Amino acid sequence: MGPPGSGKGTQGERLQEELRLPYYATGDILRAAVRDETELGRSAKEYMDRGDLVPDEVIVGAIGERIDSSEAADGFILDGFPRTVPQAEALDEKLTELGRDLTAVLLIDASDEEVVRRLGGRRTCVENGHVFHVEFNPPAKEGVCDVDGSELIVRDDDEPEVIRHRLETYHEKTEPLIEFYDGRSLLRRIDGAAAPDAVAEELRRMLATLKLEADEAI
Ligand code: AP5
């Protein structure tokens, strides 16, 4: 978890490659649904364009199906979910039903000022959501995704007034989860203001420690 633009997607892509686990990013799932004009996409679009969260029941159903699937049997990475206390409670319920636990909640933190700077220069691949930045992580060829060659666009919700609203929504609805997960000793904080490689290294160290602790507990 983390505020918009803190680097969840950037780090999530790397983690997925390293851990070889299914990666469920709710923003990507919803944008694909909007693009494909599915029922999920039609119900989510207006909320996303405004920078509001989509209703809990809409997103809980979409994630529940995925973590209950056979591909997620060895674990999974969630990005952008849960984002409200009711979503976190629904996740708890689902995991209990499946007899599973969360390993950790990784909070990538960044200031509002940094978020505005980053999202203003973000470019996103239209096909698969790969993320670039005109200054901090430019693609080799302007406007073209390095990974799959598709077009890079400015997301509709990266307009300045929508960014401000997304930040307000994060502070109001998602920040309470910090206490929620801290109280369960699951929260690990990462300074998202560092460069992407340094953040990735910190994440790697943190996951190695968690694995060591889990092995010792057996
Ligand atoms: P979502 O797509 O999840 O948006 P978000 O949380 O606002 O996060 P972002 O994707 O904007 O940022 P990020 O943290 O992934 O940063 P990134 O790596 O791209 O959700 C979109 C919408 O869907 C929501 O507003 C909501 O409507 C809906 N939604 C999604 N999940 C939901 C849920 N659970 N419940 C209800 N509604 C939901 O990086 C940003 C930029 O910075 C990039 O250009 C990148 O290159 C650059 N960058 C990254 N790291 C660094 C660094 N360390 N230094 C410098 N630049 C960096």
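The coordinates are above.
Rules used throughout
Residues numbered from 1 in each chain as written. Predicted model: local features only at pLDDT ≥ 70, side-chain atom pairs only at ≥ 80, totals over all residues. Heavy atoms only, no water. 1 Å grid on protein atoms, 1.4 Å probe; cavity = no way out; pocket = protein on both sides within 12 Å on 5 of 7 lines; lining within 4 Å. Points joined across faces, edges and corners; volume = space filled by probe spheres on them. Helix = DSSP H or I, 4+ residues; strand = E, 2+ residues; numbered from the N terminus. Nonpolar A, V, L, I, M, F, W, Y, C, P; charged D, E, K, R; others polar. Phe/Tyr/Trp six-rings, centres within 6.5 Å; stacked < 30°, edge-to-face > 60°. Buried < 20%, exposed > 50% of the residue type's maximum accessible area, 1.4 Å probe, protein only. Lys NZ or Arg CZ within 6 Å of the ring centre and 35° of its normal. Core = buried A, V, L, I, M, F, W, Y, C linked by side-chain atoms within 4.5 Å. Contact = heavy atoms within 4.5 Å. Near = heavy atom within 4 Å. Polar contact = N/O pair within 3.5 Å; in protein donor to acceptor, adjacent residues only side chain to side chain. Areas by Shrake-Rupley, 256 points an atom, 1.4 Å probe, with all protein chains shown as cover. Salt bridge = Lys/Arg side-chain N within 4 Å of Asp/Glu carboxyl O.

Moving on: empty space enclosed by the protein. Across all of its chains, the model carries one cavity of 30 Å³ or more by this definition. There is about 40 Å³ of room inside the largest cavity. Surrounding the largest cavity, Q11, R14, L15, E18, A200, L203 and R204 form its lining. The dominant element in the lining of the largest cavity, judged by the number of residues it contributes, is helix α1 (residues 8-19), at four residues. Considered class by class, the residues forming the lining of the largest cavity number three nonpolar, one polar and three charged.

Time to look at the layout of surface pockets. Roughly 1,000 Å³ of volume is contained in the second largest pocket. In this structure, the second largest pocket is lined by 34 residues; those nearest its centre are F76, I77, T103, A104 and L207. Going through the elements one at a time, α1, β2 (77-79), β3 (105-109) and α9 (196-217) are the ones with two or more residues in the lining of the second largest pocket. Considering every element that reaches the lining of the second largest pocket, the biggest residue donor is α9, with seven residues. Along the lines of polarity and charge, the residues of the lining of the second largest pocket split into 22 nonpolar, five polar and seven charged.

Another aspect to go through is the packing of aromatic side chains. All chains considered together, the criterion is met by two aromatic pairs. When the ring of F180 is compared with that of Y181, the centres are 5.0 Å apart and the planes differ by 85°; the resulting orientation is edge-to-face. Each member of the pair, F180 as well as Y181, carries the same accessibility label: buried. The ring centre of F180 lies 3.8 Å from the NZ or CZ of R184, which sits over that ring.

Our focus in this paragraph is the nonpolar core. Counting residues in hydrophobic clusters, the biggest one holds 25 residues, and the most contacted among them are M1, Y24, I67 and Y181. Counting only elements with at least two residues in this core, the list comes to α2 (26-35), α3 (39-50), α4 (56-67), α5 (85-98), β3 and α8 (176-182). Per-element accounting of this core gives the leading share, four residues, to α8. With residues up to four places along the chain from it excluded, the contact list for M1 reads K8, V105, L106, L107, I108, Y170, T174, L177 and I178.

Take unusual backbone geometry next. With an omega of -5°, the peptide bond between F81 and P82 qualifies as cis. By secondary structure assignment, the location of P82 is in the loop between β2 and α5. Here the phi dihedral of R20 falls at roughly 55°; this positive angle occurs in a residue that is not glycine. Here R20 is to be found in the loop between α1 and β1 (23-25). Owing to a relative accessible area of 72%, R20 belongs among the exposed residues under this scheme. Positive phi, close to 55°, is recorded for S185, a residue that is not glycine. Among the structural elements, S185 can be located in the loop between α8 and β7 (187-191).

Next up on the list: the site of the ligand. Taken together, 35 residues are adjacent to the ligand, and T10, D52, R83, R122 and R166 come closest. Here G5 contributes a backbone N or O atom positioned 2.8 Å from an oxygen atom of the ligand. Burial of the ligand by the protein chains amounts to 96% of its free accessible area of 1,000 Å². When contributions to the shell around the ligand are tallied by element, the ones reaching two or more residues are α1, α2, α6 (112-120) and β5 (131-133). Among the elements that line the shell around the ligand, the one with the most residues is α2, at four residues.

With that settled, consider the environment of A214. By the secondary structure assignment, A214 is in helix α9. Considering only alpha carbons, one finds A214 and L15, 199 residues apart in sequence, at a separation of 19 Å.

Below, the discussion takes up the pattern of salt bridges. Tallying each qualifying case throughout the model produces 20 salt bridges. Its salt-bridge partner being E97, residue K94 comes within 3.4 Å of it at the nearest N-O pair. Of the two residues, K94 and E97 both sit in helix α5, three residues apart, roughly one turn of that helix. The exposure class of E97 is exposed, given its relative accessible area of 57%. Residue R166 pairs with D157 through a salt bridge whose shortest N-O separation is 3.7 Å.

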